[in-house]
Amino acid sequence: MMMQNQHLKKYMGKAKRQFCDLFFLTFFISIFPLSLIADDKLKEIERGFDYIVKSELKTTYQTQSFLRQASSNTNLNIHFARLEIALDPNETFLKGSVTKYFIPKENTNTLSIDLHQEMQVDSVKINNQPVGYQHLAHKIEITGSATFPAGITDSVTIWYSGEPPSGGFGSYSREFVDNSPVIWTLSQPFGASNWWPSVNNLANKIDSLDFYISVPEPFKAVSNGLLKEVKPETNGYQTWKWSHRYPIAVYLVAFAVGDYVFFEDTVMLDGKEMPLVHYVYPSSEAGFRTQVDETIALLEFFSDLFGEYPFIDEKYGHVQCGFSGGMEHQTISFMGSYDYQLIAHELAHQWFGNKITCASWSEIWLNEGFATYLAGLAYEFLKPIYRLPYQNFHLQRILSEPDGSVYVYEADNVQRIFNGRLSYSKASFLLHMIRWKIGDEDFFDAIRNYISDPQLAYGFATTDDLKYHFENTSGKSLSLFFENWLYSEGHPQVTLNWHQNESGELTMRFVQKTSHSSVDFFPLKIPVRVFGAGDSIDYVFDTNFPEQVFAENINFSIDSIQLDPDIWLVMEKEVVPDPDIKNNLRANPFRIYPVPANDELNVRFLFSISEPVVMNILDVSGRKVLAHEEQSLILKNTDITLNTDNLSAGVYFLEVISGGESFQKKFVKQ
Ligand SMILES: [Zn+2]
């Protein structure tokens, strides 16, 4: 289904208006080095982004030695889980039980549930009857007692206890704030079974979850979904009963316990009221109260652009934790700070990451690329002064190294999965470049179609699912784009040589190399801004070959030229005036490809030739083995194809004769 983006237009107007208000500043940012003008903005963005990546990396890093790989158990469809735990945050010890109502996809007499070996299993019951089990190699195997038929709901309850293994930034963490303990979990990607018996994979979501957490007063326990009740217990404990009625990936189930200050707002989204809740450390309250106000505008903005907030019947919220970044637990982001960029990033994940979750850690870019890009959209449309510094920050990160693919080929390497340069910065630029390629209208329509696709919503998605929506909406193929930018490595390095002659004609030669051998050439639609006489004109040139020449008549004297001034593309760029460009082109007027040649050799002229052209292929002894003549005008950037099928493999020369001049190029036939 196609949808119109009236809401985007509303923000476009707003962004343009603000651009006008800030005209002088943005103008200078676009023509002078960003580092001179927007240093403070850049620093702010840099700091904010560091927080995000550091935490999303650090918090997962320590769990990798325990459980590096996701569970392979994809047979269980868990439609309801009730998790009940009790703990005193003055200790790390935890005890509890989990009851899962499941439907096997195939007949089985084995149930396999992940739980770290350092945790103890106290007992297991199926349909209220004790059963035998083994707890080996981080798995509870329940075997032999019964057959679980496919398609029939059954239930299992596991009682367990222990001190969940985890380092200071791991899946189960504790720290003291103002002498008061705080405990939080962060399971992404493999840490869930460090603290609760779970089926740790990206194949099934738990359809519905109740999470009861008993803690001593005055501690508060925070989790996914809605707080239904705080029930006093006899021993000075209270049980915080949370209920979540949306499908949830296992790594997004989380809780935090601390002596928090609680405050809330009510937001009106699409005519529905929803609570916006915050749990913060008492000493941080004042600062956070002002910062989190930004959340409301962001909720409205993302809802307008990408459809209703995915958990509208429950809540959104923040809970403060002891790491320096954030983690997008479903309906409740865990925050180390309240930086604008971080608030936007974690909120964006509620659509991209939580409503639709990447189907494998190899495609983490579907989570992190979107969250990073949506924080950029928030800057672009709500705080436009930050847009270029944000884009430039990510661009410089990407260009700082020549290699690495956005697709994660080592899906069990946590550091690689959460590589900030590739899985965040470059991933977000993939989206940005697709937007540039297919245009705003199709770009935002396609994403709305993707995020509301009933096959994907509240489930998992692959790159191909997203690609389908971009292609289906725009009618353009993105196969080569994804091949080059997602699965391969590196980026283009573009040099523009230019000269304006006395009659005003501007000649431009684009030469592209690549930073990594996995891609020979990136087709690019390159924006160019030509400055002069206190004015500027924008052009876009489609480059489809490593070397291409264009000419334009410009009616003012050119001062300078900028490539990609608004930062749409990932490329290293260099602009070099070349007063001798015509002579240089004349001395070297054509290119041949492919090299080496196969059954065809293409000859590409870099400027138009009006006189007849003779082309001869000579072998190494100078004997003419092929002759070709062109009588009509050859337009620049067109190809003449010579059939070299009959030539035997070896070294040859192409001789081109025109207007009394002759040029030769050596080539190899395979
Ligand atoms: Zn993220």
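Residues numbered from 1 in each chain as written. Predicted model: local features only at pLDDT ≥ 70, side-chain atom pairs only at ≥ 80, totals over all residues. Heavy atoms only, no water.

*Asks:* Tell me about empty space enclosed by the protein, and name the residues and values.
*Replies:* Here the structure, examined in full by the defined rule, presents three cavities of 30 Å³ or more. There is about 50 Å³ of room inside the largest cavity. Forming the boundary of the largest cavity are L76, I78, V199, N201, N204, K205, I206 and V250. Residues belonging to the lining of the largest cavity are distributed by class as follows: five nonpolar, two polar and one charged. (1 Å grid on protein atoms, 1.4 Å probe; cavity = no way out; pocket = protein on both sides within 12 Å on 5 of 7 lines; lining within 4 Å. Points joined across faces, edges and corners; volume = space filled by probe spheres on them. Nonpolar A, V, L, I, M, F, W, Y, C, P; charged D, E, K, R; others polar.)

*Asks:* Talk me through a nonpolar patch on the surface; I want residue IDs and the actual numbers.
*Replies:* Judged by side-chain polarity, V620, V651 and V668 come together as a nonpolar surface patch covering roughly 240 Å² of accessible area. Position of V668 among the secondary structure elements: in strand β36 (residues 661-669). (Patch = residues over 30% accessible without salt bridge, like charges linked within 9 Å, V, L, I, M, F, W, Y side chains within 5 Å. Areas by Shrake-Rupley, 256 points an atom, 1.4 Å probe, with all protein chains shown as cover. Salt bridge = Lys/Arg side-chain N within 4 Å of Asp/Glu carboxyl O. Helix = DSSP H or I, 4+ residues; strand = E, 2+ residues; numbered from the N terminus.)

*Asks:* If you had to explain the sheet that holds strand β1 (residues 76-87) to someone new, which residues and values would you point to?
*Replies:* Taking strand neighbours across the sheet as the criterion, the eight strands line up as β5-β4-β8-β2-β1-β11-β14-β13 in an open arrangement whose pairing is mixed. Edge strands, defined here as strands with exactly one partner in the open sheet, are β5 (129-130) and β13 (226-232). Bridge count for β13 against strand β14 (residues 237-244) is six bridges, and the pairing is antiparallel. Counted as the bridge partner of E229 is K241 from β14. (Pairing = 2+ DSSP bridges.)

*Asks:* Can you break down the nonpolar core residue by residue, with the values?
*Replies:* Ranked by internal contacts, the top residues of the largest apolar core, which has 176 residues, are F255 and F302. If one sorts the elements of this core by residue count, helix α8 (residues 365-382) sits on top with twelve residues. Those residues in contact with F302 that lie beyond four places of it in its chain are G307, A344, L347, A348, W351, L374 and A378. In this structure, F590, L601, F605 and M615 belong to the second largest nonpolar core, which totals 20 residues. (Core = buried A, V, L, I, M, F, W, Y, C linked by side-chain atoms within 4.5 Å. Buried < 20%, exposed > 50% of the residue type's maximum accessible area, 1.4 Å probe, protein only. Contact = heavy atoms within 4.5 Å.)

*Asks:* Quick one: what's the story with the pattern of salt bridges, residue by residue and with numbers?
*Replies:* Between side chains of opposite charge, pairing is possible as soon as their charged atoms come close. Taken as a whole and assessed by the stated rule, the structure comprises 18 salt bridges. A salt bridge links E547 to R591, with the nearest nitrogen and oxygen atoms 2.2 Å apart. Within this pair, whereas E547 is found in strand β27 (residues 547-553), its partner R591 is found in strand β30 (residues 590-593), the two being separated by 44 residues in sequence. Neither residue differs from the other here; E547 and R591 are each classed as buried. Overlapping salt bridges bring together E380, R435 and D440 as one network.

*Asks:* If you had to explain the pairing of strand β17 (residues 272-280) to someone new, which residues and values would you point to?
*Replies:* Across nine bridges, the pairing between strand β16 (residues 261-269) and β17 is antiparallel. Within β17, the residue paired with F263 across the bridge is H278. Counted along the chain from β16 to the antiparallel partner β17, the turn is two residues long, and its residue D270 has a positive phi close to 50°. For β17 and strand β18 (residues 316-320), the ladder comprises four bridges, and the chain directions are parallel. Following the sheet pairing, H278 is matched in β18 by H318.

*Asks:* Kindly report on the environment of F393, identifying the contributing residues and their values.
*Replies:* Take F393: it is sitting in helix α9 (residues 387-399). As a C-alpha pair, F393 and F49 span 344 residues in sequence and 9.4 Å in three-dimensional space.

*Asks:* Tell me what's going on with the pairing of strand β25 (residues 524-532), and back it up with residues and numbers.
*Replies:* Most of β25 is tucked away, with eight of its nine residues classed as buried. Pairing analysis gives nine bridges linking β25 to strand β26 (residues 535-543), with the strands arranged antiparallel. Following the sheet pairing, R529 is matched in β26 by D538. Where β25 folds back on β26, the antiparallel hairpin that results is connected by two residues, among which A533 adopts a positive phi of roughly 50°. Here four bridges tie β25 to strand β28 (residues 560-563), and the two strands are oriented antiparallel to one another. Note that in β28 the partner of R529 across the bridge is Q562.

*Asks:* An account of the sheet that holds β36 is requested, with residue identities and associated values reported.
*Replies:* With antiparallel pairing, the four strands of this open sheet are ordered in space as β33-β32-β35-β36. At either margin of the open sheet sits one strand with a lone partner, and together these are β33 (624-630) and β36. Ignoring which end each strand starts from, the neighbouring axes of this sheet average 20° apart. When strand β35 (residues 650-658) meets β36, the two strands line up antiparallel, connected through nine bridges. Bridging across to β36, G650 finds its partner in K669. (Axes fitted to C-alpha atoms, helices over the stretch in contact; angles between N-to-C directions.)

*Asks:* Give a description of helix α7 (residues 340-349) that names residues and reports values.
*Replies:* When you tally the buried positions in α7, you get ten out of ten residues, the bulk of the element. Listed in full, the buried residues belonging to α7 are Y340, Q341, L342, I343, A344, H345, E346, L347, A348 and H349. Where α7 begins, the side chain of D339 points an oxygen toward the backbone nitrogen of Q341, at a separation of 3.0 Å. (Polar contact = N/O pair within 3.5 Å; in protein donor to acceptor, adjacent residues only side chain to side chain.)

*Asks:* Can you explain the packing of helix α13 (residues 463-474) against helix α14 (residues 479-487)? Please cite residues and give values.
*Replies:* At a minimum axis distance of 11 Å, the contact between α13 and α14 shows a crossing angle of 140°. As far as their axial angle goes, α14 and α13 are oblique. Crossing hand, α13 versus α14: right-handed. Contact with α13, carried on its side by T463, K467 and E471, involves S479, F482, L486 and Y487 of α14 and no other residues of that element. (Parallel < 35°, antiparallel > 145°, perpendicular 65-115°, else oblique. Left-handed = near helix turned anticlockwise from the far one by under 90°.)

*Asks:* A description of α8 should follow, citing residues and the corresponding values.
*Replies:* Its 18 residues give α8 an end-to-end C-alpha distance of 24 Å, which sits within 8% of 26 Å, the value for a rise of 1.5 Å per residue. Among the 18 residues that make up α8, 18 are buried, leaving the element largely enclosed by the rest of the structure. (Expected span 1.5 Å × (residues − 1).)

*Asks:* Any chance you could break down the packing of aromatic side chains for me, citing the residues and the numbers?
*Replies:* For the structure on display, the rule yields 48 aromatic pairs. Ring plane angle 65° and centroid distance 5.1 Å describe the contact between Y251 and W361, whose orientation is recorded as edge-to-face. On the criterion of sequence distance, the pair formed by Y251 in the loop between β14 and β15 (255-258) and W361 in the loop between β21 (356-358) and α8 is long-range, its members being 110 residues apart. Exposure class is identical for Y251 and W361. Each is buried. Centre to centre, the rings of Y539 and F541 are 5.9 Å apart; their planes meet at 25°, and the pair counts as stacked. Taken together, the aromatic side chains of Y246, F301, F302, Y309, F311, Y316, W351, F381 and Y458 make up a single cluster linked through ring pairs. The positively charged end of K241 is found above the aromatic ring belonging to Y212, 4.9 Å away from the centroid. (Phe/Tyr/Trp six-rings, centres within 6.5 Å; stacked < 30°, edge-to-face > 60°. Lys NZ or Arg CZ within 6 Å of the ring centre and 35° of its normal.)

*Asks:* How would you explain the environment of V414 if you had to name every residue and give the values?
*Replies:* With respect to the secondary-structure elements, V414 resides in helix α10 (residues 414-417). Here V414 falls in the buried class, since its relative accessible area comes to 0%. It is 8.9 Å that separates the C-alpha atoms of V414 and F190, two residues lying 224 residues apart in sequence.

*Asks:* Describe unusual backbone geometry, with residues and values.
*Replies:* Of all residues except glycine, most have a negative phi; of all peptide bonds, most are trans. For the bond from Q188 to P189, the omega torsion is -5°, close enough to zero to count as cis. Considering the arrangement of structural elements, one finds P189 in the loop between β10 (180-185) and β11 (209-216). With an omega of 5°, the peptide bond between E217 and P218 qualifies as cis. Inspection of the secondary structure assignment puts P218 in the loop between β11 and β12 (220-223). At T331, a residue that is not glycine, the phi angle is positive and equals roughly 70°. Summarising the element assignment, T331 is placed in the loop between β19 (326-327) and β20 (333-335). In this structure T331 comes out as buried when scored by relative accessible area, which is 0%.

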